[in-house]
Amino acid sequence: MSFALYMVGFLIFLGGLAWGASVAGVPTLYIGIGALILLGIGIFSGVGRTRGKDPS
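Residues numbered from 1 in each chain as written. Predicted model: local features only at pLDDT ≥ 70, side-chain atom pairs only at ≥ 80, totals over all residues. Heavy atoms only, no water.

A. Broad picture of the overall build of the protein. Across its full length, the protein carries two helices and zero strands. Its C-alpha radius of gyration of 14 Å places the protein more than 25% over the 10 Å reference for a compact globule of 56 residues. Principal-axis analysis of the C-alpha atoms gives the protein an extent of 50 × 15 × 10 Å. Burial analysis of the protein (56 residues in total) assigns 11% to the buried set. Total accessible area on the protein is roughly 4,400 Å²; 74% of this is exposed by carbon and sulfur atoms. (Helix = DSSP H or I, 4+ residues; strand = E, 2+ residues; numbered from the N terminus. Rg over C-alpha atoms; globule rule 2.2 N^0.38 Å. Buried < 20%, exposed > 50% of the residue type's maximum accessible area, 1.4 Å probe, protein only. Areas by Shrake-Rupley, 256 points an atom, 1.4 Å probe, with all protein chains shown as cover.)

This is how it looks when you write it as structure tokens:
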């Protein structure tokens, strides 16, 4: 559940960045490439932050 909540927040953040870039006149190709890169970073950081700790 924690990972899903993290990803929802990150997707809202990513959508805001993409919208802002679109309004600023950035080409759609660059917005798509940047969004994919940021999505990958978001998934890696979400897994790292929500992974359970080892009990040892």
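After that view, the rundown keeps rolling.
B. How the structure looks around helix 1 (residues 2–23). With 22 residues, helix 1 extends 32 Å from end C-alpha to end C-alpha; this agrees with the ideal 32 Å at 1.5 Å per step. What helix 1 keeps buried is the set Met-7, Phe-10 and Leu-14. Taken around the axis of helix 1, the buried residues stretch over an arc of 70°, which confines them to a single face. Seen from the open side of helix 1, the exposed residues pointing more than 90 degrees away from its buried face are Leu-5, Ile-12, Trp-19 and Val-23. Those residues of helix 1 that are buried are in contact with helix 2 (28–50). (Expected span 1.5 Å × (residues − 1). Arc of directions from axis to C-beta. Contact = heavy atoms within 4.5 Å.)

C. Layout of the UniProt feature "transmembrane region" (unreviewed entry) in the protein. The UniProt record marks residues 30–48 with the feature "transmembrane region" (unreviewed entry), using the residue numbering of this structure. Taken as a whole, residues 30–48 contains 100% helix and 0% strand, while its terminal C-alpha atoms sit 27 Å from one another. (UniProt positions renumbered as here; feature names shortened; annotations may be inferred.)

D. A nonpolar patch on the surface, seen in detail. A cluster of nonpolar side chains, contributed by Val-26, Leu-29, Tyr-30, Ile-33, Ile-37 and Ile-41, occupies part of the molecular surface with about 600 Å² of accessible area. For Tyr-30, a relative accessible area of 55% corresponds to the exposed category. (Patch = residues over 30% accessible without salt bridge, like charges linked within 9 Å, V, L, I, M, F, W, Y side chains within 5 Å. Salt bridge = Lys/Arg side-chain N within 4 Å of Asp/Glu carboxyl O.)

E. Examining the packing of aromatic side chains more closely. Under the criterion given, the structure shown has one aromatic pair. With 6.0 Å between their ring centres and 50° between their planes, Phe-10 and Phe-13 make a pair best called tilted. Here Phe-10 and its partner Phe-13 are both found in helix 1, three residues apart, which amounts to about one turn of the helix. Look at Phe-13 and you get partly exposed, because its relative accessible area is 47%. (Phe/Tyr/Trp six-rings, centres within 6.5 Å; stacked < 30°, edge-to-face > 60°.)

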